[in-house]
Amino acid sequence: MPSGAYTDGTQDYASIIAKFKAADVQILHAVPIPPDFITFWKQAHENGFKPKIASISKALLFPSAAEALGPLVNNVMSPLWWSPAFPYQSSLDGTSAAAFADGYKTSTGQQWTQPMGFLYAIFEIAAAALKSASDPTDSRAVASAIGSLKGQAITGSYDFTSGPVPHVSQAPELLAQWRPASGGGYELVVVDNSLLPAVPVQGKFELL
């Protein structure tokens, strides 16, 4: 049941909620911007729309968006590409994913975020490309080296030789649900690791 188009920044989702309720929608999947989902999800609960499963991409990428929803975010599902639970280390200095996240929290007071793992991995891959290039001062040589790279970073294995197109390496996606964190706030808990069994499942999948 498509919601139909709406303008970013919409403040009233009554018509969409009514449509979902009339169709008895039990699984919600959406890729909205954070302010829109926060507004929609609060209005959905106020108007009695509560599907059994909600899988939300983009809007809940950062913990701040989850905290803005408070208890309403509990068991909302999001795709996950990296977390401190990943059993991988930096190829630059051996720092584990868990230690990297802990160091970030200690130095900033902020909770870890998914993008930080891949932002770090970019530098790992850049270093590997410069080392393997026939001439690290030649941009063409470096670009060619990237296309032949295989290795492991703090985010896991990467392989730029297998596609789906040249110079692209795909990352597996896990499923996680937002749950209350022990130190306050909310955190993503891995509930399905089918595409990357090396990452441990941290909790059981639960309906909303």
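Residues numbered from 1 in each chain as written. Predicted model: local features only at pLDDT ≥ 70, side-chain atom pairs only at ≥ 80, totals over all residues. Heavy atoms only, no water.

### A few points about the overall build of the chain
The helix and strand tally for the chain stands at 6 helices and 7 strands. Across its three principal directions, the C-alpha atoms of the chain cover 60 × 35 × 30 Å. Evaluated residue by residue, the chain yields a buried proportion of 38% over its 208 residues. Across the chain, every contact between residues at least 6 apart in sequence was considered, and the portion connecting residues at least 24 apart equals 58%. (Helix = DSSP H or I, 4+ residues; strand = E, 2+ residues; numbered from the N terminus. Buried < 20%, exposed > 50% of the residue type's maximum accessible area, 1.4 Å probe, protein only. Contact = heavy atoms within 4.5 Å.)

### Quick look at a nonpolar patch on the surface
Together, Leu92, Leu119, Ile122 and Phe123 make up a nonpolar patch on the protein surface, roughly 440 Å² of accessible area in all. With respect to the secondary-structure elements, Leu92 resides in the loop between strand S3 (77–80) and helix H4 (97–108). A relative accessible area of 46% means that Leu92 is categorised as partly exposed. (Patch = residues over 30% accessible without salt bridge, like charges linked within 9 Å, V, L, I, M, F, W, Y side chains within 5 Å. Areas by Shrake-Rupley, 256 points an atom, 1.4 Å probe, with all protein chains shown as cover. Salt bridge = Lys/Arg side-chain N within 4 Å of Asp/Glu carboxyl O.)

### Considering the packing of aromatic side chains
Using the criterion set out here, one finds 12 aromatic pairs in the structure. Summarising the aromatic geometry, the rings of Phe100 and Tyr120 are spaced 4.9 Å apart at their centres and angled 55° between planes, so their arrangement reads as tilted. Here Tyr120 lies in helix H5 (residues 114–132) and Phe100 lies in helix H4, a separation of 20 residues in the sequence. Pairwise contacts between aromatic rings join Tyr6, Tyr13, Phe20, Phe37, Phe40, Trp41 and Phe49 into one cluster. (Phe/Tyr/Trp six-rings, centres within 6.5 Å; stacked < 30°, edge-to-face > 60°.)

### Quick look at the pairing of strand S1 (residues 27–30)
Sheet topology note: the S1/strand S2 (residues 53–56) ladder contains 4 bridges and is parallel. Note that in S2 the partner of Ala30 across the bridge is Ile56. Considered for its hand, the β-α-β crossover made up of S1, helix H2 (residues 34–46) and S2 is right-handed. (Pairing = 2+ DSSP bridges. Right-handed = clockwise from strand over helix to strand, strands pointing away.)

### Details of H2
Given a rise of 1.5 Å per residue, 13 residues ought to cover 18 Å, and the 18 Å separating the end C-alpha atoms of H2 matches this to within 8%. Within H2, the full set of buried residues consists of Asp36, Phe37, Ile38, Thr39, Phe40, Trp41, Gln43 and Ala44. For H2, the elements touching its buried residues are helix H1 (14–22), S1, S2 and helix H3 (63–69). (Expected span 1.5 Å × (residues − 1).)

### Looking at the packing of H5 against helix H6 (residues 139–146)
Interaxial distance between H5 and H6 falls to 8 Å at its minimum, and their mutual angle equals 115°. When the axes of H5 and H6 are compared, the pair comes out roughly perpendicular. Viewed along their axes, H5 and H6 form a crossing whose handedness is right-handed. Every residue of H6 that contacts H5 at Ala129, Leu130 and Ser132 is listed here: Val142, Ala145 and Ile146. Tallied by class, residues from the contact of H5 with H6 come to 5 nonpolar, 1 polar and no charged. (Axes fitted to C-alpha atoms, helices over the stretch in contact; angles between N-to-C directions. Parallel < 35°, antiparallel > 145°, perpendicular 65-115°, else oblique. Left-handed = near helix turned anticlockwise from the far one by under 90°. Nonpolar A, V, L, I, M, F, W, Y, C, P; charged D, E, K, R; others polar.)

### So, the packing of H4 against H5
What describes two packed helices is the angle between their axes and the distance between those same axes. Remark: H4 packs on H5, axes separated minimally by 11 Å, with the N-to-C direction vectors making an angle of 110°. Judged by the angle between their axes, H4 and H5 are roughly perpendicular. The chirality of how H4 crosses H5 is right-handed. The residues of H5 that touch H4, namely those facing Phe100, Ala101 and Tyr104, are Met116, Gly117 and Tyr120.

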